[in-house]
Amino acid sequence: MGMFISTVTGFFVVLMISMAMFIHYLRVGLDSKSSVRIDPKPTEKF
């Protein structure tokens, strides 16, 4: 029974860590404000 509980707990911890890393990627890696800093909108129109 102890092996089952430790396996389920370990899997749950790994699942939570991977979910936290994915949410962190979505919040920081896909930040739309950084696109303006890297490639600003042109001021003149062609």
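Everything in this summary refers to the structure shown in the same document. (Residues numbered from 1 in each chain as written. Predicted model: local features only at pLDDT ≥ 70, side-chain atom pairs only at ≥ 80, totals over all residues. Heavy atoms only, no water.)

Glancing now at the overall build of the chain. Helix and strand counts for the chain come out as two helices and zero strands. When the backbone C-alpha atoms are referred to their principal axes, the chain occupies close to 70 × 15 × 10 Å. Here the chain, with 46 residues, has 0% of them falling under the buried criterion. Total accessible area on the chain is roughly 4800 Å²; 73% of this is exposed by carbon and sulfur atoms. (Helix = DSSP H or I, 4+ residues; strand = E, 2+ residues; numbered from the N terminus. Buried < 20%, exposed > 50% of the residue type's maximum accessible area, 1.4 Å probe, protein only. Areas by Shrake-Rupley, 256 points an atom, 1.4 Å probe, with all protein chains shown as cover.)

A surface patch of nonpolar side chains, about 600 Å² in accessible area, is lined by Met19, Phe22, Ile23, Tyr25, Leu26 and Leu30. By the secondary structure assignment, Phe22 is in helix H1 (residues 2-29). (Patch = residues over 30% accessible without salt bridge, like charges linked within 9 Å, V, L, I, M, F, W, Y side chains within 5 Å. Salt bridge = Lys/Arg side-chain N within 4 Å of Asp/Glu carboxyl O.)

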